[in-house]
Amino acid sequence: MPLDAPPALEAPAPEAPAVEQVIVTAARLPPAAAEAAFSSVHLGERDLARTQRVDEAVGQTPGVSLFRRTSSLSANPTTQGISLRAIAPSGAGRALVTLDGVPLNDPFGGWVIWSQLAPESLSGVDIVRGAGAGPYGAGALTGVIDLKERDAGVAGDVSLGELGSERASAAATSTFGRFEFTGAAFYDKSDGYVPVRGAQRGAADTRTDLEAKSISGRIDLATGLGLLSLRGGFFEEDRGAGLAGARANASGNVFSATLVKAPRGEALGWKLQAWRRTSDLFNSSVAVAADRSSTTPANSQDKTPATGWGLNGALRQKVGGLEWELGADARLNDGEERERYSYSGGTYTRNRVAGGKTSVVGAYADGSWTTGPWLVAGGLRLDHWETTDGFRVERNALTGAVLLDQRPADRDGEVVSGRLGVTRDLGHDVTARVAGYTGFRPASLNELYRPFRVGNDVTEANAGLKPERLEGLEAGLSRKGAKGLIEATAFWNRIDDPIVNVTLGVGPGTFPIGGFIPAGGVLRQRQNAGSIDAVGLEGRAERKVGVVTLTSALSVTDARVDGGSTAPQLTGKRPAQAPVWSATAGLSADLTETLVLATDLTWEGKRFEDDLNSRVLDPAYRLDARLDWRVRPLVTAYVAGDNLLDADIQTSRTADGVPGYAAPRIVRVGLRVAI
């Protein structure tokens, strides 16, 4: 038959009846096209598998860090707040952390108890840098860390290591008829280390031991209305604070229900979600003798019961190149702290109960338009915030007499925020983008009502705090091809009315706010102090050369405070705990078919411990390495070293110059199963 002759016609086969295949996964809307217009980094399961803790995984991205240099291995719960871009780290955190849309930030303090999730329970992490106006709303001041829970396969890990490290974690998904069940469990134990080293260490300095555990379960069901997910989880961690008599215990649970109808073609998609989170915190602190030979009880935060509720809903549709989303959300927090303090004569002489309620209710419109090489995305939000029913009552513990009864007036307000981004494909795998955004973060209950003490330093609360506001601009250029990627982003951000711990005085002495401050101690108060301006550059690159993959990333952020009339002494200073420079370099090599070597080197410039920039934390580096040996197709044995070169990484410095350090070298061996 000639090549150009038409083929012989055959009778058509009977058409099989169309059967829609239902794939059950976690209930979530697919990623919106608008997200591509903003600076983001994705971490996959391979990135998560190399670390023991979720905060350590996201911390590999320069500019992403907890308040201090310590990870959740040794960080007090109240310092586990996470921030992006090193603009102004905070114990409460200036980033919103979500798990499939449910906020993980504590309803009382805003921090995140990272031990409530193990890396094995996640399928990925999306880090969106820059204020997350759009669908994210309150709390996403410097960005969003969006965690995706596992919805397929099995992952398990057990390991033993130095410092008495014991860890076991497992997560699995199974299908039973119309139901899909996902469960996860996690246990982590460490004898810890002593943060103060050398001749300055005294009998007062003890280990930061840790025991953490969590368990969660999720049921997914495809219904006639959409995909329904019901999830519940519980966590608890108990840890030493590195000083004799100082400990912390954090616990809580969360329940959520999500119903999603994913958009298909031009059909309308939607999401409804409700959640409830409870938490509690015990946290005791001590005063330290000048020679560090002993400690004296300072205060005991016996209970901190708090509850957060939330609702959110969204409608989404894509018609041609236009995708739009309309939504609304509400978050309500209610909590109090119950504390004993003013230790004298072998007993606490005063009691304090303080707390209140906060709420944010908002609505938004967000969308994107794609045409040819162009993507234009934007969103607008309107939020109403309230701080109500605040109180702080202090009593004489021996007589019951009321010493202080503060009932601050209720406050509320409205905030309009938005974002706009434009992306253009320039060809040859090169993309350019520009974006602008605004965002806000209301003060947490902890910042409004709870004073706290660390060693001899006292920080007072402030019931009059206003929400922080951020505005920013950025421009980026990236190239992504088959052999790797390279990208760079320049940005400018300003935070107005940042909540800053402002120094009021140095001990020894008695002050109208805070009372007696011992020698070597400092009195501070949370205040809205002027503004913080930050300009920066962030970049990353990845290149595959044969069996070797090279990665690198850099973050440069020059942040400066303008204290205004509130705190003029801070003008020109850098925010506490905000380094200018941070960088990472990594290498992954497939040495053989069964051996894989991975190394990560991180470096960070100096930080300042305090608002006055008087306590300097030296530059620090850390080398981590891991060797994986695949002993079976689904089983991998490994040996890993954290801080392999045993570098001295300063994390704190007292007023009298005593530094504290992050963990020394820890070598561990383990076994991982992945299906």
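Residues numbered from 1 in each chain as written. Predicted model: local features only at pLDDT ≥ 70, side-chain atom pairs only at ≥ 80, totals over all residues. Heavy atoms only, no water.

1. Some points on the overall build of the chain
For the chain, the helix and strand inventory stands at three helices and 41 strands. In terms of overall size, the chain behaves like a compact globule, its C-alpha atoms giving a radius of gyration of 26 Å where 675 residues would be expected to give roughly 26 Å. Counting only C-alpha atoms, the chain reaches 105 × 55 × 50 Å along its principal axes. Taken across its 675 residues, the chain has 53% of its residues classed as buried. Counting contacts in the chain only where the partners sit at least 6 residues apart, residues at least 24 apart contribute 65% of the total. Looking at the chain as shown, the accessible area adds up to about 28,300 Å², and 60% of this sits on carbon and sulfur atoms. Charged side chains of the chain number 73 positive and 79 negative; the gap between the two group centres comes to 2 Å. (Helix = DSSP H or I, 4+ residues; strand = E, 2+ residues; numbered from the N terminus. Rg over C-alpha atoms; globule rule 2.2 N^0.38 Å. Buried < 20%, exposed > 50% of the residue type's maximum accessible area, 1.4 Å probe, protein only. Contact = heavy atoms within 4.5 Å. Areas by Shrake-Rupley, 256 points an atom, 1.4 Å probe, with all protein chains shown as cover. Lys, Arg positive; Asp, Glu negative; His and termini not counted. Charge placed at Lys NZ, Arg CZ, Asp CG, Glu CD.)

2. Some remarks on the packing of aromatic side chains
Applying the stated rule across the entire model yields one aromatic pair. With centroids separated by 5.2 Å and ring planes inclined at 75 degrees, the aromatic side chains of Y343 and Y348 adopt a geometry described as edge-to-face. Cation over ring: R85 sits above F491, and NZ or CZ is 4.3 Å from the ring centre. One residue, R626, lies across the ring of Y638, its end atom 3.8 Å from the ring centre. (Phe/Tyr/Trp six-rings, centres within 6.5 Å; stacked < 30°, edge-to-face > 60°. Lys NZ or Arg CZ within 6 Å of the ring centre and 35° of its normal.)

3. With respect to the sheet that holds strand β23 (residues 452-454)
If you trace the four strands from one edge of the open sheet to the other, you get β23-β24-β30-β27, paired in mixed fashion. Of all strands in the sheet, those bounded by a partner on one side alone are β23 and β27 (499-506). Strand-to-strand twist across the sheet, computed as the mean angle between neighbouring axes with direction ignored, equals 25 degrees. The pairing of β27 with strand β30 (residues 522-528) spans seven bridges and is antiparallel. Residue pairing across strands places T503 opposite R524, the latter belonging to β30. (Pairing = 2+ DSSP bridges. Axes fitted to C-alpha atoms, helices over the stretch in contact; angles between N-to-C directions.)

4. Some thoughts on the pairing of strand β39 (residues 650-653)
Relative to strand β40 (residues 659-661), β39 runs antiparallel, the two sharing three bridges. From the neighbouring strand, R653 faces β40, where its bridge partner is P659. Hairpin connection between β39 and β40: a loop of five residues separates the two successive antiparallel strands, and G657 in this loop has a positive phi of roughly 90 degrees.

5. Details of the confidence of the model for the chain
Reading fine detail from the predicted coordinates is not recommended where pLDDT is low. In this model, the chain carries a mean pLDDT of 91, and residues with pLDDT of at least 70 account for 96%. Segment residues 1-24: pLDDT under 50, and seven contacts once partners within four positions in sequence are set aside and those in other chains are kept. (pLDDT = per-residue confidence, 0-100.)

6. Brief notes about the pattern of salt bridges
Inspection of the entire model under this criterion finds 52 salt bridges. Two residues, D280 and K303, come together in a salt bridge whose shortest N-O distance is 2.7 Å. Within this pair, whereas D280 is found in strand β14 (residues 269-288), its partner K303 is found in strand β15 (residues 295-303), the two being separated by 23 residues in sequence. Of the residues examined, D280 reaches a relative accessible area of 18% and is grouped as buried. Residue classification places K303 among the partly exposed positions, given a relative accessible area of 37%. Put simply, R441 and E447 hold a salt bridge, and the shortest N to O gap is 3.1 Å. (Salt bridge = Lys/Arg side-chain N within 4 Å of Asp/Glu carboxyl O.)

7. Considering the pairing of strand β32 (residues 548-562)
For strand β31 (residues 531-545) and β32, the ladder comprises 15 bridges, and the chain directions are antiparallel. Looking across to β32, one finds that E542 is bridged to T551. Hairpin geometry of β31 and β32 is characterised by an intervening segment of two residues between the two adjacent antiparallel strands and by a positive phi of about 65 degrees at G546. Pairing geometry for β32 and strand β33 (residues 581-590), over nine bridges, is antiparallel. The residue bridging A553 from the neighbouring strand is T584, located in β33.

8. Focus on the nonpolar core
Counting residues in hydrophobic clusters, the biggest one holds 23 residues, and the most contacted among them are I82, V125, I145 and L147. Looking at this core, the elements that each hand over two or more residues are β1 (40-44), α2 (54-58), β4 (96-99), β6 (122-129) and β7 (143-149). Discounting residues that sit within four places of it in the chain, V125 has contacts with V41, H42, L43, L48, V58, I145, D146 and L147. Counting 16 residues, the second-largest nonpolar core is a separate cluster that includes Y437, I495, A534 and V561. (Core = buried A, V, L, I, M, F, W, Y, C linked by side-chain atoms within 4.5 Å.)

9. Quick word on the sheet that holds β1
The mixed open sheet is built from five strands, whose spatial order is β1-β6-β7-β4-β5. Two strands close off the open sheet at either side, each with one partner strand: β1 and β5 (102-103). Relative to β5, β4 is paired through two bridges, and the arrangement is antiparallel. Considered in β5, the bridge of L99 is made with V102.

10. Section: the environment of P408
Among the secondary structure elements, P408 is positioned in the loop between β20 (402-406) and β21 (411-427). For the pair P408 and Y364, spaced 44 residues apart in the sequence, the C-alpha separation amounts to 31 Å. With residues near it in sequence (within four places) discarded, P408 still touches G390, F391, Y449 and A463.

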